[in-house]
Amino acid sequence: MNDTKHQLIRYSLYDQPALEKHFEKMASKGWLIEKITNFTFQFRRIKPENLKFTVNFFPDASEFDPHPSIKQKMMEEFASKDGWKLLTRFGQLQVFCNE
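What counts as what
- Residues numbered from 1 in each chain as written.
- Predicted model: local features only at pLDDT ≥ 70, side-chain atom pairs only at ≥ 80, totals over all residues.
- Heavy atoms only, no water.
- Helix = DSSP H or I, 4+ residues; strand = E, 2+ residues; numbered from the N terminus.
- Contact = heavy atoms within 4.5 Å.
- Phe/Tyr/Trp six-rings, centres within 6.5 Å; stacked < 30°, edge-to-face > 60°.
- Buried < 20%, exposed > 50% of the residue type's maximum accessible area, 1.4 Å probe, protein only.

Here's the deal with the environment of Val 95
Logical step 1: As for its placement among the helices and strands, Val 95 is situated in strand E6 (residues 93-98).
Logical step 2: Remark: the alpha-carbon pair of Val 95 and Phe 41, spanning 54 residues in sequence, is separated by 12 Å.
Logical step 3: When near neighbours in sequence (up to four residues on either side) are disregarded, Val 95 contacts Phe 23, Ile 33, Ile 36, Phe 53, Thr 54, Val 55, Lys 85, Leu 86, Leu 87 and Thr 88.

Laid out in structure tokens, this is it:
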């Protein structure tokens with residue numbers, strides 16, 4: 001059985017509510033977002049769960065940055081204190097989930 005799934009992106013990456021809803025739907029089917037590329041979402045198999053997702057944009061970020069900035073790391077720390085876990089980032093887009 002394959003533990004990864006690739007899906008063509010059929011949403012605007014700026015449509016936060018649609019992305020969040022899609023990631024929640026996929027998690028309820030047993031697929032967790034793992035990576036975002038220019039054209040695809042990559043999911044990994046999990047036990048089906050009802051997870052909440054938030055898609056954030058960090059305007060100072062770029063896909064050409066070799067590492068997250070200090071401000072991005074601070075944002076991740078604040079989010080983790082509230083129970084949000086960073087799953088992936090793609091340029092300015094960051095995806096967090098919470099149980």
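There's plenty left to go through after this.
Examining the packing of aromatic side chains
Logical step 1: Using the criterion set out here, one finds 5 aromatic pairs in the structure.
Logical step 2: Centroid distance Phe 23 to Phe 41: 5.2 Å. Interplanar angle 75°. Geometry classified as edge-to-face. Pair noted here: Phe 23 is in helix H1 (residues 16-28) and Phe 41 is in strand E3 (residues 40-45), with a separation of 18 residues, a long-range link. The pair formed by Phe 23 and Phe 41 is uniform in burial state, with each residue classed as buried.
Logical step 3: Between the aromatic rings of Phe 41 and Phe 43, the centroid separation amounts to 6.1 Å while the plane-to-plane angle is 70°, which identifies the pairing as edge-to-face.

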